Amino acid sequence: MSRDDYLRGQLAKNGIELVEAKAEIARLQRIIDSRPAINAALPDSYIQWSQSIYELEFVRATGAHS
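Residues numbered from 1 in each chain as written. Predicted model: local features only at pLDDT ≥ 70, side-chain atom pairs only at ≥ 80, totals over all residues. Heavy atoms only, no water.

1. A short note on the packing of helix H1 (residues 3-34) against helix H2 (residues 43-62)
Selection criterion: Axes, fitted as lines to C-alpha atoms, cover a helix only where it is in contact. Angles between the N-to-C directions of the axes lie from 0 to 180 degrees. The secondary structure listing takes helices from DSSP runs of H or I that are at least 4 residues long and strands from runs of E that are at least 2 residues long, numbered from the N terminus. What sets the label is the angle itself: under 35 degrees gives roughly parallel, over 145 gives roughly antiparallel, 65 to 115 gives roughly perpendicular, and the rest give oblique. Each helix crossing is assigned a hand: it is left-handed if the near helix lies turned anticlockwise from the far helix by less than a right angle, otherwise right-handed if that turn is clockwise. In what follows, a contact means two residues having at least one pair of non-hydrogen atoms within 4.5 Å.
The geometry of H1 relative to H2 is characterised by a closest axis approach of 11 Å and an angle of 160° between their N-to-C directions. Classed by the angle they form, the pair H1 and H2 counts as roughly antiparallel. You can see that H1 and H2 cross each other, and the crossing is right-handed. Across from Glu 24, Arg 27, Ile 31 and Ser 34 in H1, the residues of H2 making contact are Trp 49, Ile 53, Glu 57 and Arg 60.

2. Observations concerning the environment of Phe 58
What counts here: Partly exposed describes any residue whose relative accessible area lies between the buried limit of under 20% and the exposed limit of over 50%, with all areas from a 1.4 Å probe on protein chains only and scaled to the type maximum.
Relative to the elements of secondary structure, Phe 58 occurs in helix H2. A relative accessible area of 51% places Phe 58 in the exposed class. Among all residues touching Phe 58, those that are not within four sequence positions of it are Gly 63 and Ala 64.

Just distances and angles here, no functional claims.
This is the structure we're talking about:
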């Protein structure tokens, strides 16, 4: 493999990793944006939201479906 081929491969790999990182940032931002406000009137909503996020992360990480 030539040096140029190696560098092209690394550049392509880095581009893919950058796209994946941007997608993960967007996913996490959507989670943050969906979080209910925390105040005295909404603790139950926040608890339910938190549990749903944990469940979604478990399904995403394991591929399990409930």
